[in-house]
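An overview of the molecular structure
If you want the building blocks of each chain, they are given just below.
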Amino acid sequence: MKVNSTKHNLLSSLRGLSREKWALGATVFTGKMLGLLAVLVAMVTLPSLLGTTAHAAAAAPPKPTDLETSMMNSINTAWTLVAAFLVFGMQAGFVMLEAGFARKRETVNVLMECMFDTCLCGILFYAIGYAFMFGWGNGFIGWHGDPAAKVAGSWFFLQNIPATYATTGIPVIAHWIFQYAFADTCSTVVSGAMIGRTSFRGDILYSIGITGFIYPIIGHWAWGPDGWLAVMGSTGNFFASLGQGFRDFAGSTVVHTIGGVASLAGAIVLGPRLGRIFARDDKEKGGMPPGHNMLMAAVGTFILWFGWYGFNPGSSLSAMDAQGIGRIATNTTLAACSGGMMAMLMALWIGNTKGKFDLGFTLNGTLAGLVAITCPCYWVSPLGATLLGAVAGVVVFGGMYLLEWFRIDDPVGAVSVHGFAGIWGTLSLGLFACGQYGATGPTGADNSAPVTGVFYGGKWDVFEAQAIGTFTIAIAVFVVTYVMMFIINKFPHPWKLRVEEHGELGVGGLDVFDHGIEVYPPQDDDINISGLFEKTATVSA
């Protein structure tokens, strides 16, 4: 009734307007339309009147002034540091994910290993790691400054470093903190597959080897200024006829495959946890022991996903490439979504979880999508990101069943998520690169030489370069890490890689044996209600 009344009042008001008021309203409306038309005409005609100047500016943009360059460098540095803080925050996600998938009696050990690795990585990457990885030297290892700039002295302990790193405009000291967060990620990945049976002293030894030597030296091959994979395909360097270098935008291979393959070597040397039953041996009792806190694992996955927005877009080292970092963030999101969905569906359709919506596979599928998109995130379209993320979900599902078949105990799925999905993501660039994007830079994108994959009309050269890079790194890491783990496992207790049997199976497990505390210790004020509601038998006289 109220609505009808309002309509009636409005119509009455319109009918009551005089002819003069109607004319005035029409005049005002016409004037506004003419003004808008004039603005549109000006927008179309003015560029053509000034065509010579405009086209000249587009063809040859003016060189930035010193002030503009300084401002861009400052913005890019701030962007890089914010991204570094996001990547470092992923450590909280790793801790929660690994602790959630672990058994209760090995949870404190997980927390301590992640905390210790973070501290150790900072010292080692400061002392030797950064110089090995990002210094100039040769195709296999770096240690000093740019010879073209005639910079003398090694970069160990961040000595003799220049003001900025290469042509990025980013201070070396800011570049160090960003790359330290990456190195810490690789180190943390390795511990995931070795949960529950690694002595803490053994963890100290292998962490020194991976963080101080294996990761930075082999990473130099792909990311160093003169690494042999980075300059591959160029005149005078390895495989010049290929015409393509190895590309890994944010580290599907350099960070994740190195971490995942090192995890595989460690898990093989250690052997499975005592009492672990595999599905091929007992279909009913076999399979991965359930994690003690899947709520923690799920929250950890979301924290990792959030940190990936520093991992991938931050690897541009440039806030000036607005289109690039926006595209990277979108691609990262879509790959994670499709990876999680596909892994969930695979678990629903196939295997021991058939008919169930399995949380563990869904979490690992999401992470697999994030790992896979890390390499090609700059060069693929959103559709390509969605498709390659879905394949990553299949890869991680199959990879976990493959490890189960070979009786390799990987409590959190680190090998499949980071190793297998990392290799897939690196290869996928050669298939899904959409042929529109070239390279990012401190002043913006340079798309003059776009990267094109096979599915978009390109040749197989990009795929070949990616295959050479990812498989060479994977094989090298596995061999070196296996030898290192094997040697450490021959040390006498307590420095042996594998903890003593009574340390693994004793009361409180590894937590009490190595750290003297349980993750959920009983409290003095805990109330024991066991037996409170049981019926007691009455005794007759």
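Note that the structure is predicted; figures quoted are calculated from it, not measured. (Residues numbered from 1 in each chain as written. Predicted model: local features only at pLDDT ≥ 70, side-chain atom pairs only at ≥ 80, totals over all residues. Heavy atoms only, no water.)

Moving on: the overall build of the protein chain. If you tally the helices and strands in the protein chain, you get 16 helices and two strands. A burial count over the protein chain gives 49% of its 541 residues as buried. Once local pairs closer than 6 in sequence are excluded, the contacts in the protein chain between residues at least 24 apart make up 76%. Carbon and sulfur atoms provide 69% of the accessible area of the protein chain, an area that totals close to 25,600 Å². (Helix = DSSP H or I, 4+ residues; strand = E, 2+ residues; numbered from the N terminus. Buried < 20%, exposed > 50% of the residue type's maximum accessible area, 1.4 Å probe, protein only. Contact = heavy atoms within 4.5 Å. Areas by Shrake-Rupley, 256 points an atom, 1.4 Å probe, with all protein chains shown as cover.)

On to the environment of tryptophan 405, then. By secondary structure assignment, the location of tryptophan 405 is in helix α12 (residues 382–405). Under the relative-accessibility criterion, tryptophan 405 is labelled partly exposed at 46%.

Here the protein chain averages 88 in pLDDT, while 85% of its residues score no lower than 70. In this model residues 39–59 is a low-confidence stretch, pLDDT under 50, and it forms one contact with partners more than four residues away in sequence or in other chains. Low pLDDT, under 50, characterises residues 537–541; the predicted model gives this stretch zero contacts beyond four residues in sequence or across chains. (pLDDT = per-residue confidence, 0-100.)

With that settled, the discussion passes to the nonpolar core. By size, the foremost hydrophobic cluster in this structure holds 121 residues, and its most contacted members are Phe125, Tyr130, Tyr206, Tyr215, Trp223, Ile473 and Met485. At eleven residues, helix α6 (residues 172–192) tops the list of elements feeding residues into this core. Dropping the residues within four chain positions of it, tyrosine 206 is found in contact with Val190, Ser191, Met194, Thr198, Met484, Met485, Ile488 and Leu497. (Core = buried A, V, L, I, M, F, W, Y, C linked by side-chain atoms within 4.5 Å.)

The contact between helix α11 (residues 359–373) and helix α13 (residues 414–432) brings their axes to 8 Å, and the two run at 40°. What the angle tells us is that α11 and α13 run oblique. By crossing handedness, the relation of α11 to α13 is classed as right-handed. Here α11 contributes Asn364, Leu367, Ala368, Val371 and Ala372 to the contact with α13, which in turn contributes Val417, His418, Ala421, Gly422, Trp424 and Gly425. Looking at the contact of α11 with α13 residue by residue, the class counts come to seven nonpolar, four polar and no charged. (Axes fitted to C-alpha atoms, helices over the stretch in contact; angles between N-to-C directions. Parallel < 35°, antiparallel > 145°, perpendicular 65-115°, else oblique. Left-handed = near helix turned anticlockwise from the far one by under 90°. Nonpolar A, V, L, I, M, F, W, Y, C, P; charged D, E, K, R; others polar.)

Another point: empty space enclosed by the protein. Vacant regions in the atomic arrangement are exposed by a probe of water-molecule size rolled over the atoms. Evaluated as defined, the whole model comprises one cavity of 30 Å³ or more. Volume-wise, the largest cavity comes out at about 70 Å³. Lining the largest cavity are Phe94, Leu97, Glu98, Val189, Asn364, Leu367, Val412, Gly413, Ala414, Val417 and His418. The set of elements that each furnish at least two residues to the lining of the largest cavity consists of α4 (66–101), α11 and α13. Considered class by class, the residues forming the lining of the largest cavity number seven nonpolar, three polar and one charged. (1 Å grid on protein atoms, 1.4 Å probe; cavity = no way out; pocket = protein on both sides within 12 Å on 5 of 7 lines; lining within 4 Å. Points joined across faces, edges and corners; volume = space filled by probe spheres on them.)

Glancing now at the packing of α4 against α6. With their axes 8 Å apart at the nearest point, α4 and α6 run at an angle of 15° to one another. Classed by the angle they form, the pair α4 and α6 counts as roughly parallel. Once α4 is placed against α6, the crossing between them reads as left-handed. Residues Thr77, Thr80, Leu81, Ala83, Ala84, Val87, Phe88, Gln91, Phe94 and Glu98 of α4 lie in contact with α6, whose contacting residues are Ala174, Ile177, Phe178, Tyr180, Ala181, Phe182, Asp184, Thr185, Thr188, Val189, Ser191 and Gly192.

All right, on to unusual backbone geometry then. Put simply, histidine 493 and proline 494 share a cis peptide bond, and its omega is 10°. With respect to the helices, strands and loops of the structure, proline 494 is situated in the loop between α14 (461–488) and α15 (501–505). We note that alanine 166 has phi near 50°; this positive angle belongs to a residue other than glycine. Along the chain, alanine 166 turns up in the loop between β2 (142–144) and α6.

A cluster of nonpolar side chains, namely Phe471, Ile475, Val479, Val480, Val483, Phe486, Ile487, Phe491 and Trp495, defines an oily patch on the protein surface of about 810 Å² accessible area. When you line up the elements, phenylalanine 491 lands in the loop between α14 and α15. Among the residues examined, phenylalanine 491 registers a relative accessible area of 33% and is labelled partly exposed. (Patch = residues over 30% accessible without salt bridge, like charges linked within 9 Å, V, L, I, M, F, W, Y side chains within 5 Å. Salt bridge = Lys/Arg side-chain N within 4 Å of Asp/Glu carboxyl O.)

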